[in-house]
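Understanding the architecture of this molecule
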Amino acid sequence: MAHVIIINPRDNVAVTLRDLKKGEKLFLPDGRELSVLSDIPYSHKIALVEIPEGADVIKYGECIGETKAFVHQGDWIHTHNLDIEQKKEQV
Amino acid sequence: METFLGYQRQNGAVGIRNHVAVLPTVACANGVVAAICRAIPEAVPLYHGHGCGRGVEIAMHTRTLVNLGRHPNVAAVLIVGLGCEVIKAEALAVAIAETKKPVEYFNIQELGGTRKSAARGIDIVRRMIDDAARCNRQPFPLERIIMGLECGGSDAFSGITANPSVGLASDWLVDQGGTVILTEDTEMIGTSHILERRACNKEVAKKISRMVADAEKLTHDLLGPLAPYVISPGNMDGGMTSIREKSLGCIVKAGSRPITEVIDYGEIPSKKGVVLMDGPGYDMESMTGVAAAGCQIMIFTTGRGNPIGHPIVPVLKVASTNKMYQHMEDDMDINAGAILEGSPMQDVGDQIIEKVRRVLNGEPTKAEINQQEGIVCLYTLHPAF
């Protein structure tokens, strides 16, 4: 069983398939290694790459919101750092 | 052409169940409906909480109750009225009888109370059930099928496993000439531009745009700055941050074929293919609208585990995770969580299609086995008076 699932190749977040612990190492399906930076509950989102402040968070290949602050690879992404005001429409 | 075995109705519609329904005009008649259905367990009560004390919703509620009575899975209907309510038994009976199916009605106040009304109702329903039993299944093409799509108690996996697998089944049915109905406007918020791209013409695209914009405005009017977070706390705990994120995972249930029509709540579609229904996100009210639209079968995906079915429509439950499927196996028909263990999406899609075929031909869903009929919840927007 995988530990995370990436829904669309364009995504910069993955969905966790179990509770992840701060400090553990993860191997992604493509072989990349990633350090988990905070405890992340089962079924939440983890950043696959560094995402600058104000940049799009992509899931399903579509923008689901913008980061409120710089997000490190391995960070938990949820209401605390994802701005969901959706100023930009992706048409 | 692939076929299923269904029940021919007098107006040409085709049902997959052969229910005799007992429909109260108003909540005050529920007790008599209950007395009739206790005496005859095969009868299906359509309990609801409305029928009076409403202004602008009366037309929508009347249409919904009439269309539930007209539903192809219903062979005959007894309408139980009180007498002084706004939605009248006789008016419902006349409208439902346009389908030429057997319809009878009475008012409790005219018959002299509960016991006399229950006795009359029991006589009528016994006869209706005997008559309905003479209807046999015959083969019909799949293009006669309307499949309702629902998701409830979603988690982050509903949109990753269950909903995309259901999307494969939707594409299969539409390719066979059938119809799927996607609703829950609030769960389309943020994805209007994607749905508009799929509309079969500009008029349908405009209707989609207006419907989703209205849903968004309504959530803003009701919730103010909290509107972007209009997803239940359970969904939020499950890892969904925004409604657009949830919406993307919701609309995938309807597969990828063109959108042919936008209908009102509880309205019967005039087109085949992918139809959007203007309706609320609350599962129970949403299921009522989709059932009234005439869907003979519903697929309901769930992540947290919702066991609810429907009085007249078989509801097929698709679990988003192995964990929940095993935990609530008595209520779940399909385990889409197998995708998380490495099963291809298409395998789960094929399992859903096979289960749909068997349910169309009479195999009960888990919700039917568990008698998870629940009650008819009618959509309301305004306070009662």
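This text follows the structure it describes.
Here is a short report on the structure shown in this document. Keep in mind it's a predicted model, so treat the numbers as computed, not measured. (Residues numbered from 1 in each chain as written. Chains lettered and ligands numbered in written order. Predicted model: local features only at pLDDT ≥ 70, side-chain atom pairs only at ≥ 80, totals over all residues. Heavy atoms only, no water.)

With that out of the way, let us pick up empty space enclosed by the protein. All names here are of chain B. One pass over the structure, following the stated rule, counts 3 cavities of 30 Å³ or more. Of the voids in this model, the largest cavity is the one considered here, and its volume is about 40 Å³. Of all the elements in the fold, those that place two or more residues in the lining of the largest cavity are α6 (158-175) and α10 (243-251). (1 Å grid on protein atoms, 1.4 Å probe; cavity = no way out; pocket = protein on both sides within 12 Å on 5 of 7 lines; lining within 4 Å. Points joined across faces, edges and corners; volume = space filled by probe spheres on them. Helix = DSSP H or I, 4+ residues; strand = E, 2+ residues; numbered from the N terminus.)

For side chains bearing opposite charge, pairing can occur when the charged atoms are close. Enumeration according to the criterion identifies 17 salt bridges over all chains in this entry. Across the salt bridge formed by B:Glu245 and A:Lys59, the nearest N and O atoms sit 2.7 Å from each other. Taken together, the residues span two chains, with B:Glu245 in helix α10 and A:Lys59 in strand β6 (residues 56-59). With respect to class, B:Glu245 is no different from A:Lys59; both count as buried. Of the charged contacts in the structure, one is a salt bridge between B:Glu354 and B:Arg358, with a shortest N-O distance of 3.9 Å. A residue pair is termed a helical-turn pair when its members lie 3 or 4 positions apart in one helix, as B:Glu354 and B:Arg358 do in helix α13 (residues 345-360) at 4 residues. When its relative accessible area of 35% is taken as the criterion, B:Arg358 is described as partly exposed. Within the structure, one salt-bridge network assembled from shared partners comprises B:Glu2, B:Glu354, B:Lys355, B:Arg357, B:Arg358 and B:Glu363. (Salt bridge = Lys/Arg side-chain N within 4 Å of Asp/Glu carboxyl O. Buried < 20%, exposed > 50% of the residue type's maximum accessible area, 1.4 Å probe, protein only.)

With 28 residues of chain A in contact, the opposing surface of chain B contributes 25 residues. Taken together, chain A and chain B are joined by 2 salt bridges. For B:Glu245, the salt bridge is made with A:Lys45, and the minimal N-O distance between the two is 3.0 Å. Connecting chain A to chain B are 7 residue pairs in polar contact (both at pLDDT 80 or more). Contributions of two or more residues to the side of chain A that touches chain B are made by β2 (13-16) and β7 (62-67) of chain A. Top element by residues in the side of chain A that touches chain B is β7(A). It accounts for 3 residues. For the side of chain A that touches chain B, the residue count by class is 14 nonpolar, 7 polar and 7 charged. (Contact = heavy atoms within 4.5 Å. Polar contact = N/O pair within 3.5 Å; in protein donor to acceptor, adjacent residues only side chain to side chain. Nonpolar A, V, L, I, M, F, W, Y, C, P; charged D, E, K, R; others polar.)

Our next topic: α13(B). Residue and element names in this part refer to chain B. Compared with an ideal rise of 1.5 Å per residue, which puts 16 residues at 22 Å, α13 spans 23 Å between its outermost C-alpha atoms and is within 8% of the ideal. All of the buried residues in α13 are Val348, Gly349, Ile352, Ile353, Lys355, Val356, Val359 and Leu360. On an axial view of α13, the arc spanned by its buried residues comes to 165°, and they lie on one face. On the buried face of α13, the contacting elements are β1 (3-8), β8 (146-151), α6, β12 (297-302), β13 (315-319) and β14 (334-335). (Expected span 1.5 Å × (residues − 1). Arc of directions from axis to C-beta.)

In a beta sheet, neighbouring strands pair by backbone hydrogen bonds and run either parallel or antiparallel. All names here are of chain B. Read from one edge to the other, the open sheet built from 3 strands follows the order β2-β1-β7, with strand pairing classed as antiparallel. In this open sheet, the two edge strands, each paired with only one partner strand, are β2 (14-15) and β7 (138-141). Here β1 runs beside β7; their pairing, made up of 4 bridges, is antiparallel. Bridging from a neighbouring strand, Phe4 pairs with Phe140 of β7. (Pairing = 2+ DSSP bridges.)

Let us look at helix α1 (residues 30-39) of chain B. All names here are of chain B. Counting buried positions along α1 gives 7 out of 10 residues, so the element sits mostly inside the fold. Turning to α1, its buried residues number three or more, namely Asn30, Val32, Val33, Ala34, Ala35, Ile36 and Cys37. The inward-facing, buried residues of α1 abut β3 (19-24), β4 (44-45), β5 (74-81), β6 (103-107), α4 (108-111) and α5 (114-132).

On to the sheet that holds strand β8 (residues 76-77) of chain A, then. Residue and element names in this part refer to chain A. Pairing is antiparallel in the open sheet, where 4 strands are placed in the order β1-β2-β5-β8. Each edge of the sheet is formed by a strand with only one pairing partner; in this case those strands are β1 (4-5) and β8. Summarising the sheet, β1 and β2 pair through 2 bridges and their orientation is antiparallel. Among the inter-strand pairings, Ile5 is bridged to a residue of β2, identified as Val15.

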